[in-house]
Amino acid sequence: MTTLITVTALYDGSADAIFREAMNFSELVEAMSGLAAYEGLPEEPAKEGETYTVDVTMWGFLKTRGHVMHVETLDYENRIIQSREHNPAIKRWDHHLSVQPLGEKVLWTDRIELDAGWRTFGAARFCAYVYERRHKYRKALEITRSIGKAG
């Protein structure tokens, strides 16, 4: 069963600048500092059509080897990225990220379609926690989240 996780965050700043920064893997590493470490991420920004395979270690001891991230769409003009991700424990982790102007603020939306088989319930809550934590680290003004059935 596929679950939809949506996390939104409101920021001050320029939507273009925030999106450009988000495309740098170094920003992800920094936002996940203290929670996750990544092995195998490139130094250059994400590129459309590229597939990245990394090992992720959570809390210094839970290691997931072979997390695959395929950047299906990367549109700087419209500030969206769509990745298709999976690993040995997660069948589907499709992440749609959008950064859009909202009046004088910026709205960042993470939408994840997740299927982890019998692990989906717990994985969805963990996923929401991770994305919320990233936005707290980035000093978002407001953060909301929802978890429900996809499609």
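For the structure given in this document, a descriptive report is provided here. Computed from a predicted structure; not experimentally measured.

1. Considerations on the overall build of the protein chain
- In terms of helices and strands, the protein chain carries 3 helices and 8 strands.
- Helices and strands appear in the protein chain in the N-to-C order β-α-α-β-β-β-β-β-β-α-β.
- Against the compact-globule benchmark of 15 Å for 151 residues, the protein chain has a radius of gyration of 15 Å, which places it among compact chains.
- Counting only C-alpha atoms, the protein chain reaches 40 × 35 × 30 Å along its principal axes.
- Sequence-distant contacts, at least 24 apart, represent 49% of the contacts inside the protein chain between residues at least 6 apart.
- For the protein chain, the accessible surface area stands at approximately 8,200 Å², while carbon and sulfur atoms represent 52% of it.

2. Examining the environment of His-67
- Secondary-structure assignment places His-67 in strand S4 (residues 62–75).
- Taking C-alpha positions, His-67 is 19 Å from Ile-5, a pair spaced 62 residues apart along the chain.
- Setting aside chain neighbours within four positions, we find His-67 in contact with Tyr-52, Thr-53, Val-54, Val-56, Glu-85, His-86 and Asn-87.

3. As for a nonpolar patch on the surface
- Taken together, the side chains of Trp-59, Phe-61, Leu-62 and Tyr-129 make up a nonpolar region of the molecular surface, amounting to roughly 460 Å² of accessible area.
- Considering the arrangement of structural elements, one finds Leu-62 in strand S4.

4. Describing the pattern of salt bridges
- Summed over the entire model, instances satisfying the criterion amount to 10 salt bridges.
- Across the pair Asp-94 and Arg-84 runs a salt bridge, and its minimum N-O distance is 2.7 Å. Linking Asp-94 in strand S6 (residues 92–102) with Arg-84 in strand S5 (residues 80–86), this pair joins segments that are 10 residues apart in sequence.
- Under the relative-accessibility criterion, Asp-94 is labelled buried at 8%.

5. Here we look at the nonpolar core
- One finds Met-32, Tyr-38, Ile-81 and Val-99 to be the most contacted residues of the largest nonpolar core, which totals 29 residues.
- Of all elements in the fold, only strand S1 (3–11), helix H1 (15–22), helix H2 (25–31), strand S2 (36–39), strand S3 (51–58), S4, S6 and strand S7 (105–115) reach the threshold of two or more residues within this core.
- Beyond its immediate sequence surroundings of up to four residues, Val-99 is in contact with Ala-15, Ile-18, Phe-19, Asn-78, Arg-79, Val-106, Leu-107 and Trp-108.
- Ranked by size, the runner-up nonpolar core spans 12 residues in total, among them Ile-5, Ile-90, Ile-112 and Ala-123.

About the criteria used
Residues numbered from 1 in each chain as written. Predicted model: local features only at pLDDT ≥ 70, side-chain atom pairs only at ≥ 80, totals over all residues. Heavy atoms only, no water. Helix = DSSP H or I, 4+ residues; strand = E, 2+ residues; numbered from the N terminus. Rg over C-alpha atoms; globule rule 2.2 N^0.38 Å. Contact = heavy atoms within 4.5 Å. Areas by Shrake-Rupley, 256 points an atom, 1.4 Å probe, with all protein chains shown as cover. Patch = residues over 30% accessible without salt bridge, like charges linked within 9 Å, V, L, I, M, F, W, Y side chains within 5 Å. Salt bridge = Lys/Arg side-chain N within 4 Å of Asp/Glu carboxyl O. Buried < 20%, exposed > 50% of the residue type's maximum accessible area, 1.4 Å probe, protein only. Core = buried A, V, L, I, M, F, W, Y, C linked by side-chain atoms within 4.5 Å.

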